[in-house]
Amino acid sequence: MLTGTSARAPAFLPNEAPKIARIRPFVLRCPECMAPTRAAASAGETTVCGYCRAPLRWEPAESPSRDDQNWRRWVEEADADADPDVVPIGFGPLAIHALSRAQIQVLPQLPCKPTHLYVPPELAGGFSIADLRIGTRSQLASPNPIAASWFSSGRGSPIACDVAHVAVFIALLVENKTTEDRTFEAVLRCKRADPFSY
């Protein structure tokens, strides 16, 4: 009989390593355009996206696992398909002469806010995006052309744009960089917007 001491079971068996708690990190992410957030957002200095001004939300950080990335991509695409507020706008198809530019204009039928520009990967290598305009306002930060391949992965690259209203043209200025005539087309992914938003 033991006196003055208490018998306790060990926390783990001698031959068994203690299990390490795995905590999946969370990051602030924009649910609208999925654009990267500023470092200041993690410190709580801002609660809205610096690109489209949508409220940020905490989401699990992406894992380097290929299976996890594929699963996340599938979920995002399924959400986009199910979202009634997502509306696409098509550009083209339009044949563009070698080493020349062409402007494609579309007229939206409802107020919308562009969030992503997508160029099919099989076409992107031969083109550059010289400008994207809503009305008379350019939506690019520089007059320098951007390689269309930048917009060819996933659902396209996130872009920050003004609201496009009915009867206001959306114009895409495209440059054919090759020495042969090529056909161009693209999709502008948009969200329905309040008709009274500016």
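See the structure above.
Described below are features of the structure shown in this document.

Parameters at a glance
- Residues numbered from 1 in each chain as written.
- Predicted model: local features only at pLDDT ≥ 70, side-chain atom pairs only at ≥ 80, totals over all residues.
- Heavy atoms only, no water.
- Helix = DSSP H or I, 4+ residues; strand = E, 2+ residues; numbered from the N terminus.
- Buried < 20%, exposed > 50% of the residue type's maximum accessible area, 1.4 Å probe, protein only.
- Contact = heavy atoms within 4.5 Å.
- Disulfide = S-S within 2.5 Å.
- Core = buried A, V, L, I, M, F, W, Y, C linked by side-chain atoms within 4.5 Å.

## Observations regarding the overall build of the chain
Here is step 1: A count of helices and strands for the chain gives two helices and 11 strands.
Here is step 2: Here the chain, with 198 residues, has 34% of them falling under the buried criterion.
Here is step 3: Residue pairs in contact within the chain that sit at least 24 positions apart in sequence constitute 77% of those at least 6 positions apart.

## Quick notes on the state of the cysteines
Here is step 1: Going through the model one piece at a time under the given rule, you end up with zero disulfides.
Here is step 2: Looking at C112, it has no disulfide partner, and the nearest cysteine sulfur is the one in C190, 4.0 Å off.

## Some thoughts on the nonpolar core
Here is step 1: Grouped together as the largest cluster of nonpolar side chains are 27 residues, with contacts concentrated most on F91, I170, L172, F184 and L188.
Here is step 2: At the level of elements, β3 (86-96), β4 (101-106), β5 (112-118), β6 (127-134), β10 (170-176) and β11 (182-192) are the ones that each hand at least two residues to this core.
Here is step 3: The contact partners of I170, leaving out residues within four places of it in the chain, are I89, F91, I104, Q105, V106, P108, L132, R133, I134, A164 and L188.
Here is step 4: With five residues, the next largest nonpolar core counts L28, C30, A54 and L56 among its residues.

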